[in-house]
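Inside the fold
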Amino acid sequence: MNFAVLSFAVLFCGSTLAHDGGNITERERSTEALSCFPVHDLLIQFGALTEKVKAMETRMQESEKQILELTKKGAVKYKNCIEEFIEHFDHFDQNVLFYTEKPEVIFSAVAGRGNTDFGPFNTDITLIFRRVITNVGNAYSQSTGVFVAPVAGVYYFTIFFHAGGEHAGMLLLFKNQELMVMTHDHKTKHDNGGNDPADNGGNAVFLQLQRGDQVYVRMPANSYVWGSDFHTTFSGFLVTEM
């Protein structure tokens, strides 16, 4: 492009001199020829400026590529940081929930029947412990005698009874329809001089429960317990949530 412009300028100057060659002197011709040289210098400067502009455009394009690459790297790094933060936040949030929102489940109840025998009956019954001492979380029902697990976890249960010895004393601890543990004492024989006028028994167990599982105490037919407000008990609490 610069060469074409330069050639045109040279041809223009030459044609001008040739056209007027017959009418001007040699000195005038030299003066007119010299008048074309500033145009030549301008074209050279313009060409140099054009090259500088092209170089600047090239550098700008390279800079844009570098900025774009850095932006992509920055976006990836930022995304990784966000994902890592979310992962840690979720873990932290779970720990916070574990420590701050863990349900408290503790209960203890006594058979309670006004200091009289409770049984024996002709059939198995669910023993209702009517005098509630503690019922944190309200998982134990005073009306049904059934404990319903509010959350999945490991629970600890205990059963104790006192009986007069006239009949066999027996309590069975069930999880849903499955017998877990029991406590039993045979009927006292009165031919031993009356040295064993009363019977006692107890047991304890850890149970892994799902939410909604039921735990309750059954008393078999022909057995009985002392139904006072202080002797025969059913207790339990949540050890750990799962």
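Residues numbered from 1 in each chain as written. Predicted model: local features only at pLDDT ≥ 70, side-chain atom pairs only at ≥ 80, totals over all residues. Heavy atoms only, no water.

1. Looking at the sheet that holds strand β12 (residues 233-241)
Each strand in a sheet pairs with its neighbour through backbone hydrogen bonds, running either in the same direction (parallel) or in the opposite one (antiparallel). Strand order across the open sheet formed by 5 strands is β4-β1-β12-β6-β9, with antiparallel pairing between neighbours. Edge strands, defined here as strands with exactly one partner in the open sheet, are β4 (131-136) and β9 (199-209). Neighbouring strand axes in the sheet, compared pairwise and without regard to direction, differ in orientation by 10° on average. Pairing between strand β1 (residues 106-110) and β4: 5 bridges, direction antiparallel. Among the inter-strand pairings, Phe 107 is bridged to a residue of β4, identified as Asn 135. (Pairing = 2+ DSSP bridges. Helix = DSSP H or I, 4+ residues; strand = E, 2+ residues; numbered from the N terminus. Axes fitted to C-alpha atoms, helices over the stretch in contact; angles between N-to-C directions.)

2. Section: the packing of aromatic side chains
Counted by the stated rule, this structure contains 13 aromatic pairs. With a centroid separation of 6.3 Å and an interplanar angle of 55°, the aromatic rings of Phe 107 and Phe 157 are classed as tilted. On the criterion of sequence distance, the pair formed by Phe 107 in strand β1 and Phe 157 in strand β6 (residues 153-163) is long-range, its members being 50 residues apart. With respect to burial, Phe 107 and Phe 157 carry one shared label: buried. The interplanar angle of 50° and the centroid separation of 5.6 Å between the aromatic rings of Tyr 156 and Phe 237 together place this pair among those described as tilted. In this pair, Tyr 156 is assigned in strand β6 and Phe 237 in strand β12, connecting sequence segments 81 residues apart. On the basis of relative accessibility, which here comes to 35%, the residue Phe 237 falls in the partly exposed class. Here the aromatic residues Phe 107, Phe 129, Tyr 140, Phe 147, Tyr 155, Phe 157 and Phe 234 are joined through ring pairs into a cluster of three or more. (Phe/Tyr/Trp six-rings, centres within 6.5 Å; stacked < 30°, edge-to-face > 60°. Buried < 20%, exposed > 50% of the residue type's maximum accessible area, 1.4 Å probe, protein only.)

3. Thoughts on the side chain of His 162
Along the chain, the position of His 162 falls in strand β6. Residues in contact with His 162, not counting those within four places in the same chain, are Ala 198, Asp 199, Asn 200, Val 225, Trp 226, His 231 and Thr 232. (Contact = heavy atoms within 4.5 Å.)

4. Details of the pairing of strand β10 (residues 214-219)
One ladder, built from 2 bridges, connects strand β3 (residues 125-126) with β10; its direction is antiparallel. Among the inter-strand pairings, Ile 125 is bridged to a residue of β10, identified as Met 219. Pairing geometry for strand β5 (residues 147-148) and β10, over 2 bridges, is antiparallel. Residue pairing across strands places Val 148 opposite Gln 214, the latter belonging to β10. In this structure, strand β7 (residues 169-175) lies alongside β10, joined through 4 bridges in antiparallel fashion. The partner of Phe 174 across the bridge, within β10, is Tyr 216.

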